[in-house]
Structure formats: structure tokens, C-alpha cells
Amino acid sequence: MDLYVVLGLSHGASDAEIKRAYRRLARRFHPDINPGDRTAVARFRQIVDAYETLIDPDRRSRYDSGHAEPDDDRQAGGFEGFDFSTRGVDHSATFGDLFAEVLSAHGSRRPAPERGADLHQELPIAFDEAFADAVLREDRRAYLDALLDAARFRDYCPNGLQVEGRERIGRIVCGVTASQALIEAAIERGADALLVHHGWFWKAEDGRITGFRRQRMARLLAHDINLFAYHLPLDAHVALGNNAQLARQFGWTVTGRFGEQDIGFVGVPPAPTFLGELVPQMERVLGRAPMTVGDPARKVARIAWCSGGAQDYFEAALATGADVFVSGEISEQTVHLARETGMAYIAAGHHATERYGVKALGEHLAQEFGIACEFVDIDNPV
Ligand SMILES: [Zn+2]
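This one's a predicted model, so the numbers in the text were calculated from it and none came from an experiment.

What counts and what doesn't
Each chain carries its own residue numbering, running from 1 in the direction its sequence is written. Local features in this predicted model are restricted to residues whose pLDDT is 70 or higher, and side-chain atom pairs enter the listing and the counts only when it is 80 or higher, whereas totals over whole chains, interfaces and linings include all residues. Labels follow the DSSP assignment, with helices taken as runs of H or I lasting at least four residues and strands as runs of E lasting at least two, numbered in each case from the N terminus. To assign burial, the other C-beta atoms lying within 10 Å of each residue's own C-beta are counted, with C-beta atoms placed from the backbone; 20 or more indicates buried, 12 or fewer indicates exposed, and intermediate counts indicate partly exposed. For the purpose of contact definition, each residue receives a C-beta atom placed from its backbone, and two residues are in contact when these atoms lie within 7 Å. Pairing between two strands requires that DSSP report at least two bridges joining them. Lines are fitted to the C-alpha atoms to define the axes, a helix being fitted only along its stretch in contact, and any angle between axes, read from their N-to-C directions, falls within 0 to 180 degrees. We call a set of buried Ala, Val, Leu, Ile, Met, Phe, Trp, Tyr and Cys residues a nonpolar core when their C-beta atoms link them within 7 Å. The split into domains, and so the bounds of each, comes from an automatic or database assignment of domains. Expected span of a helix, by definition, is 1.5 Å for each gap between consecutive residues, and there is one gap fewer than residues. Taken from the helix axis, the directions to the C-beta atoms give the arc we talk about. Roughly parallel covers angles under 35 degrees, roughly antiparallel covers those over 145, roughly perpendicular covers 65 to 115, and oblique covers all other angles. Each residue gets one label: Ala, Val, Leu, Ile, Met, Phe, Trp, Tyr, Cys and Pro are nonpolar, Asp, Glu, Lys and Arg are charged, and the others, such as Gly, are polar.

Summing up its helical and strand segments, the protein has 19 helices and 13 strands in all. The proportion of buried residues among the 382 residues of the protein is 40%. Counting contacts in the protein only where the partners sit at least 6 residues apart, residues at least 24 apart contribute 65% of the total.

As C-alpha cells, this is what we get:
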């Protein structure tokens, strides 16, 4: 096995190229993100072996002069399906591309992740070691944009990096809204980036940087903090989005999607229930009493939900055959629609229903990159 081929490199590759290729591939085949996949483990070891040889000048020159290191049994054993030609190792690919590929592959083939603890311990490097320095702003931006499929959405604000701060990102503060209070919390914690669901530059907004806008932006810029915001992409994401995370909170099983750009979710409770039982359960989880329109005795077998201010999706939710529609906010007319159609409505709070997506995203980043990522909940009664 040609060690250069293992890393997808030409024979004249520089140390920097070797490191880059190694990080990229190690990230992709790390057992932590391919649990239970023996082929990935074997490839990971091969990548580590190739890296260790090529990054050491003595070992590399011995290898280059034809005194190849003997294939050890780790490389020879248990290695199947290795075909770089179809893997498309691409020098120009960004972290984001590769990570997105890993994640999408994940979603489709890993219904019940199990941790390969035994395998993990015999690996020569720790996950964090391999990626501790993969913190460039551009990598983070590319990764997040790809992960959340940000380009797919028509939205009311720009998604992604909204305000550029320092180039390297090691510490992130997450929160629902890029308010002054959250910015202060980020400054206090020495954050390099703020990651939010509700960012700035909304379509209907006056674009002038005056008053409270100046105040917020001045603080952010003075501390060189990056602002990342993902709005609809973070409602819709299949695993980390607000709606997916609400399902997790309440134990609902997702059976479908509805509404504009498929942002709304449809699903079923763990067991058929009724409104008078569902609402107190939600109150316990969310820590506040939802506003409910509907008969407490109404049976609930199917639930439609969409976090935030999605009361205008009422008719789309009704068309799914749901017994109840859950969103964050409620309008005057929502009450009439619920009464007249018989589909119950639960307004569980805009902030309350949108805390979980950005929190999950932060936890995901912390896990994936071994960086500090703290969710700060700025108390909000809605
Ligand atoms: Zn919202």
C-alpha cells in the first residue's frame, strides 16, 4: 500500500499538505463518527500509520528510497472495501464538504449508534488531538453552512457568518437571539464566536446602524467576536433543528414534514393521548404554561409542530390530518381557526420552543471539534 495514496497525496507533498490531508481523513474515518464500522477503523489506522511515517523526515526518506516499512498486521488485517478511486479524495475540498459528506452518510446508515469503546482505546491518537487546531473561521463557516444546508433556504435574514470577527475560533457561545445581553455574556466568557438562531439584518428592518443596533454591533466588533446566525436552516435540520429537538424533548416520533420549505414536522406521541394530558407534559418540559385552544378531552394521535412564530402554518398543519398543532406564538385569528376546524392549537412560547436547536448545534460542535461551546439562555418569558 502506497502511503501517499493512503493520504491521497502526490509524492512531492509538503509537510503542510501531509498534515492537512491527515486531518481531513482522520476526521472522516475517526471511529467516533463511524461507530461500529470496522472498515472505517481499519482505514483510520492506515491513515495514522501513513501520517506517522511521512511526517517524520527520517522515516519518510527511508520509505521514499524504497526501504518501505513492512506492512504490519494491523494494516493487513480486516481491511476491506478500500477504494480511493471512488472515495474522491480531493485536495480542494473544504472541511465543510467532507464533514457534510460524513454527516449525510451517517444519517442514512446509522439508525442506532453504538460506541466502540474497546476500539477507541487502542487507537494511537485522541480525537481532540487530531483536530485541536482546526478552528479557522472559514472552516467553521463552511462546516456550518454545509451541515445546515444553509444555501437551500429562502429566508428573512442572511444565514451563516453575519459579522466577521477574529480568524481563529476556539470558544463559542450559543444562544437563541443575538441580543445585547447575549453579546455581553459572550464577551464575559472570552468567546471567539457567537452562534444564534435569531441574528441580525432582518428583511423588514431599517438597515441603519443606530441606537440599539449600534450598541450591539459596537460591542461585538470591539471584542472581535464572529456572529453566526442560522434561522430557518436551524428550524428544519433533521437532527439538530428546533423541530427535531422538540420531538426529542417530548418523545415524539417524526413521521413527516409539512409547510413552506418543509420546515414543519408531523409525528406521533409515544402513545395515543389527549390534550389535557399533553399540555401538562409540555409545561413540565418547557418550564412554562402553554396557551391552549381546544377541548382537553380531545384525543391526540397525530401532532404537527413548528417552533417559533409559525401560527400562519395553521392550514398547512390542518392538511396533515393532525389533531393538534404546536407552535411558539398565537394570533388572534388562530383561536377562531382552532375552534372552527377542531384541530387544537398549543402556543408553547417562541423562545421556549427555539432553545433546543442552537443548544444541540453547540453540543455537536463541541463534540466534533473538541472546542468549548457554551449555551447561554438569556431568560425570556415568551
Ligand atoms: Zn424564531
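Moving on, there is more to tell.
The 5 strands are arranged β1-β4-β3-β2-β13 in an open sheet whose pairing can be described as mixed. Looking at strand neighbours, the two that pair on one side only are β1 (160–163) and β13 (372–375), the edges of this open sheet. Taking each pair of neighbouring strands and ignoring which way they run, the sheet shows an average axis angle of 30°. Pairing geometry for strand β2 (residues 171–177) and strand β3 (residues 193–198), over 5 bridges, is parallel. Opposite threonine 177, over in β3, you have histidine 198 as the bridge partner.

Take the pairing of strand β10 (residues 303–306) next. Along β10, one buried face is formed by Ile303 and Trp305 and the opposite face, lined by Ala304 and Cys306, is buried too. With 3 bridges joining them, strand β6 (residues 264–268) and β10 adopt antiparallel strand pairing. Bridged to glycine 267 within β10 is isoleucine 303. Where β10 meets strand β11 (residues 324–327), 4 bridges bridge the pair, whose relative direction is parallel. Across the sheet, isoleucine 303 pairs through a bridge with valine 324, a residue of β11.

Now for the pairing of β2. Along β2, 5 of the 7 residues are buried, which leaves the element largely enclosed by surrounding structure. Relative to β13, β2 runs parallel, the two sharing 4 bridges. When the bridges of β13 are listed, cysteine 174 appears paired with phenylalanine 375.

Attention shifts here to the nonpolar core. For soluble globular proteins, nonpolar side chains are generally found buried alongside one another. Grouped together as the largest cluster of nonpolar side chains are 73 residues, with contacts concentrated most on Ile172, Leu194, Leu195, Val324, Phe325 and Ile346. If you tally residues by element for this core, the top one is helix α19 (residues 356–369), at 6 residues. Domain assignment of the residues forming this core places at least three in each of domain 2 (135–235 + 356–375) and domain 3 (237–348). The residues touching isoleucine 172, leaving out its near neighbours within four places in the chain, are Ala191, Asp192, Ala193, Leu195, Gly362, Leu365, Ile371 and Cys373. Counting 18 residues, the second largest nonpolar core, distinct from the first, contains Leu3, Val6, Ala42 and Phe44.

We now examine the sheet that holds β10. Spatially, β5-β6-β10-β11-β12-β8 is the arrangement adopted by the 6 strands of the open sheet, whose pairing is mixed. The open sheet has two free edges, formed respectively by β5 (253–258) and β8 (291–293), since each of these has just one partner strand. Ignoring which end each strand starts from, the neighbouring axes of this sheet average 20° apart. Its contacts with the sheet place helix α15 (residues 275–286) against β8, β11 and β12 (344–347), and it is angled at close to 10° to β12.

With a phi angle near 55°, aspartate 149 is a residue other than glycine that sits in the positive phi range. Here aspartate 149 lies in the loop between α10 (137–147) and β1. The class of aspartate 149 is partly exposed, set by 15 C-beta atoms lying within 10 Å. Of note in this structure, aspartate 262 is not a glycine but carries a positive phi near 60°. Mapped onto the elements of the fold, aspartate 262 is located in the loop between β5 and β6.

What follows deals with the environment of leucine 232. When you line up the elements, leucine 232 lands in helix α13 (residues 232–236). Residue classification places leucine 232 among the buried residues on the basis of 23 C-beta atoms within 10 Å. Apart from residues lying up to four places away in sequence, leucine 232 is in contact with Phe153, Asp155, Gln261 and Ile263.

Our next topic: α15. Between its terminal C-alpha atoms α15 stretches 16 Å, which fits the 16 Å expected from 12 residues at 1.5 Å a residue. Burial in α15 covers these residues: Leu278, Val279 and Met282. When α15 is viewed along its axis, its buried side chains cluster within an angular range of 95° and face the same direction. In this structure, α15 carries Pro280 and Arg284 as exposed residues pointing more than 90 degrees from its buried face. Among the structural elements, α14 (242–250), β7 (273–274), β8, β9 (299–300), β11 and β12 are those in contact with the buried residues of α15. Positive backbone phi, approximately 75°, marks glycine 287, located one or two places after α15.

Take the packing of α14 against α19 next. It is at 7 Å that the axes of α14 and α19 come closest, and there the two elements cross at 95°. Considered as vectors, α14 and α19 are oriented roughly perpendicular to each other. Along its contact with α14, which presents Asn242, Gln245, Leu246 and Gln249, the element α19 presents Tyr356, Gly357 and Ala360. Considering only residue class, the contact of α14 with α19 consists of 3 nonpolar, 4 polar and no charged.

With respect to the helices and strands, tyrosine 51 occurs in helix α3 (residues 38–55). Sequence-wise, tyrosine 51 and isoleucine 18 are 33 residues apart; in three dimensions their C-alpha atoms are separated by 7.0 Å. Among residues more than four places away in sequence, those in contact with tyrosine 51 are Leu7, Ile18 and Tyr22.

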